Amino acid sequence: MIETNYDYDSGYHEGSIVEQDALAFLGVFKNLEDVPARYYLENHTSELTSEDAWNEYDAQELADLSAHTRRYVYGKAYREWQEYCDEHDVHPALADPQDIEEHLSEQRDEMEKLKTVHDARFRPLFRWYRWMQYHADYPHRYNPVVMAVLLRGAVHDIWQTRLFDRTNVPETQEEN
């Protein structure tokens, strides 16, 4: 579990604890409007294939996981995401926050618990985009999965489950 060192009482970020937490994860670019046009992910469709990006992520990042987890949790999440992207003409490795929101909203409607959506669908996408963001071979300067939290929809609710999973759950701020 990722613990945050963000001081919720600092007043640095505004909004609910969920929004403050997402903003603390985002780094420099807090929303698409902050991202310089040259860094928009959609500008890189000709130079990146999602299948290659996923396979490299799988080989490097997921190698220590069990075959079951790789195939039936992470692999299924990727296949579901790929299917959504094919239906909506979205590049799976270069989506925008609204695409993430719509996909995870559909996934939430199909599952009973937010925790299940988090673990089985959100986390694999979040980790894949985070991995690409921190590898120089990829054009990712921001994580659209985290930006989707700020749309205050399904991803916001899913991110909230991350807060409650932590050992340092912030309790001092009131939710908006």
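This one's a predicted model, so the numbers in the text were calculated from it and none came from an experiment. (Residues numbered from 1 in each chain as written. Predicted model: local features only at pLDDT ≥ 70, side-chain atom pairs only at ≥ 80, totals over all residues. Heavy atoms only, no water.)

Engineer: In this structure, what is going on with the packing of helix 4 (residues 97-110) against helix 5 (residues 114-133)? I would like to understand it.
Structural biologist: Interhelical geometry of helix 4 versus helix 5 gives an angle of 155° and a closest axis separation of 10 Å. Comparing the axis directions of helix 4 and helix 5 gives the class roughly antiparallel. Taken as a pair, helix 4 and helix 5 cross one another with a handedness that is right-handed. Contacts from Ile100, His103, Leu104, Gln107 and Arg108 of helix 4 reach helix 5 at Leu114, Val117, Arg121, Phe122, Leu125 and Tyr129. Of the residues contributing to the contact of helix 4 with helix 5, the split by class is seven nonpolar, two polar and two charged. (Axes fitted to C-alpha atoms, helices over the stretch in contact; angles between N-to-C directions. Helix = DSSP H or I, 4+ residues; strand = E, 2+ residues; numbered from the N terminus. Parallel < 35°, antiparallel > 145°, perpendicular 65-115°, else oblique. Left-handed = near helix turned anticlockwise from the far one by under 90°. Contact = heavy atoms within 4.5 Å. Nonpolar A, V, L, I, M, F, W, Y, C, P; charged D, E, K, R; others polar.)

Engineer: Looking at this structure, I do not really get the pattern of salt bridges. What am I missing?
Structural biologist: Think of it this way: side chains of opposite charge can pair up when their charged atoms draw near. Throughout the structure, instances matching the rule amount to eight salt bridges. The residue Arg127 makes a salt bridge to Glu61 at a minimum N-O spacing of 3.5 Å. Taken together, the residues Arg127 in helix 5 and Glu61 in helix 2 (residues 50-61) connect sequence positions 66 residues apart. Between Asp119 and Arg123 there is a salt bridge whose closest N-O contact spans 3.1 Å. One end of the pair is Asp119 and the other is Arg123, both in helix 5 and four residues apart, which spans about a single turn. When salt bridges that share partners are traced, they join Arg108, Asp109 and Asp157 into one network. (Salt bridge = Lys/Arg side-chain N within 4 Å of Asp/Glu carboxyl O.)

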